[in-house]
Structures are given as C-alpha cells and as structure tokens.
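Okay, here's what each chain looks like letter by letter:
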Amino acid sequence: MRKFYINSKNIFLAIILISTFYACSGSLSSIYDFDYPLTTKTAKSNFTRLQIQIPQGWFVAEDNEFKTTDIWLVKEDYSATIKFVAISLDDETTENFASDELGKVVELNKILLKAKLGKNFTGFTNEEIFSSNYSVFNAYQYLNEKDEPVRTVIFKNDSKYYEVTAFALKSANPAEIFKAQNSVLASLK
C-alpha cells in the first residue's frame, strides 16, 4: 500500500490543480441562470472598451443628463433597467486595496449604498460570487427607497472596475430581470 503524506508541496500541487480545473471550466454558478435570450446586436461602452450583447426585448438608452453611465439597457415595457457604471479608484486607494481588490471595492460600494439609503436601508440579500469566461463577479441585492428589488454586480475588466445594477419595478419579475443581467454579463467582450 502506498502512503500519501500531506506536506506543503502536496497541498500546493492540489491548490494548483483545483485552481486550474476551476479556471478552465468556465463555471457559471449563480443564484440566477444565464439563459435569457440575447440578440445579435451589441452595445458598446461610451468611455471604455466594454461591449455586451443586448437582451431580447431591451434597448440601449443614453444618459443625457449626467454622462456617468457606460451602458444603459432598458426593457421595452420600461419595467426594468440594467446600468453599467465604471468605478474610478485613485492610485492610493488602488494600492491600499492590493491584497483583495474586488472584495474591497464591493465593501466600499456597500458602505456608500448604505449611506445613500440611510433609514430606508433594510440589508443585503443573495450575496454571491460567481464566474464566467475567466471573470469573477461579486453580487448582492437590496431594496431601494421605493422597496423595489435591485441587484448590483461588481467585476473587473481590463484593469477597470464596473458596477452593473439591475433595477426591477415591483410589477416586474425580478428573477427574470436578474437572469437577463447574468446573461448580459456572460456576453462580455
């Protein structure tokens, strides 16, 4: 019988094998599916190289007032939106976040959201981390000041961080909207 000893070399090799398998699998493990139908049309970022496919029954809108939205998708019946906004970090913040950039960007984003909602903040739900096409996404949900469900996903693409927020009116099916959000994220180019 051959004995297998656990040592730092074996643990290191196991971590490398598991990481390689996970990265190559292109795993899509999320609370929501990724099978919302997409069109062949694409939407391109106003400020970066980000490009996505447009979901069926949605269109691209423009942020005429503030020019802060990178990509803005609106459902044709106006019951939901998905907004891509670039997150800008100064050099000092980027350096301070070096050990866990994505996690720290998410925590900072949550702190700002709690401050914005103030007494209307009821907590975060359905927090998750998932991956697609070698990108890692960190998501969480909450209710906005009108008690409408909102899901925010934070990710990094080409050294930039993005906040992708899906808003669903009370009359909409939030799970369907969040599935559209995941499908759009899976189409990132």
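An account of the accompanying structure is given in this report.

Basis of the calculations
- Residues numbered from 1 in each chain as written.
- Predicted model: local features only at pLDDT ≥ 70, side-chain atom pairs only at ≥ 80, totals over all residues.
- Heavy atoms only, no water.
- Pairing = 2+ DSSP bridges.
- Helix = DSSP H or I, 4+ residues; strand = E, 2+ residues; numbered from the N terminus.
- Axes fitted to C-alpha atoms, helices over the stretch in contact; angles between N-to-C directions.
- Contact = heavy atoms within 4.5 Å.
- Expected span 1.5 Å × (residues − 1).
- Buried < 20%, exposed > 50% of the residue type's maximum accessible area, 1.4 Å probe, protein only.
- Arc of directions from axis to C-beta.

## Describing the sheet that holds strand β5 (residues 80-87)
With respect to topology, seven strands assemble into an open sheet ordered β3-β4-β5-β9-β8-β7-β6, the strand pairing being antiparallel. Only two strands of the sheet have a single neighbouring strand rather than two, namely β3 (58-61) and β6 (125-132). Pairwise comparison of adjacent strand axes, ignoring direction, gives a mean angle of 20° for this sheet. Relative to strand β8 (residues 149-157), strand β7 (residues 135-143) is paired through seven bridges, and the arrangement is antiparallel. Along β8, the bridge assignment pairs A139 with V153. On the sheet, helix α3 (residues 101-117) packs against β5, β6, β7, β8 and β9 (160-168) and is oriented at approximately 15° with respect to β7.

## Quick word on α3
Here α3 spans 24 Å end to end across 17 residues, near enough to the 24 Å set by a 1.5 Å rise per residue. Of all the positions in α3, only L102, G103, V105, V106, N109, K110, L113 and L117 are classed as buried. Taken down its axis, α3 places every buried residue within 160° of arc, on the same side. Opposite the packed face of α3, turned more than 90 degrees from it, sit the exposed residues I111, L112 and A115. Where α3 is buried, its residues contact β5, β6, β7, β8 and β9. Directly after α3, the chain includes G118, whose backbone phi takes a positive value near 55°.

## Concerning helix α4 (residues 174-186)
Between its first and last C-alpha atoms α4 spans 18 Å; for 13 residues at 1.5 Å apiece the expected length is 18 Å, and the two agree. Regarding α4, the residues found buried are I177, F178, K179, A180, Q181, N182, S183, V184 and L185.

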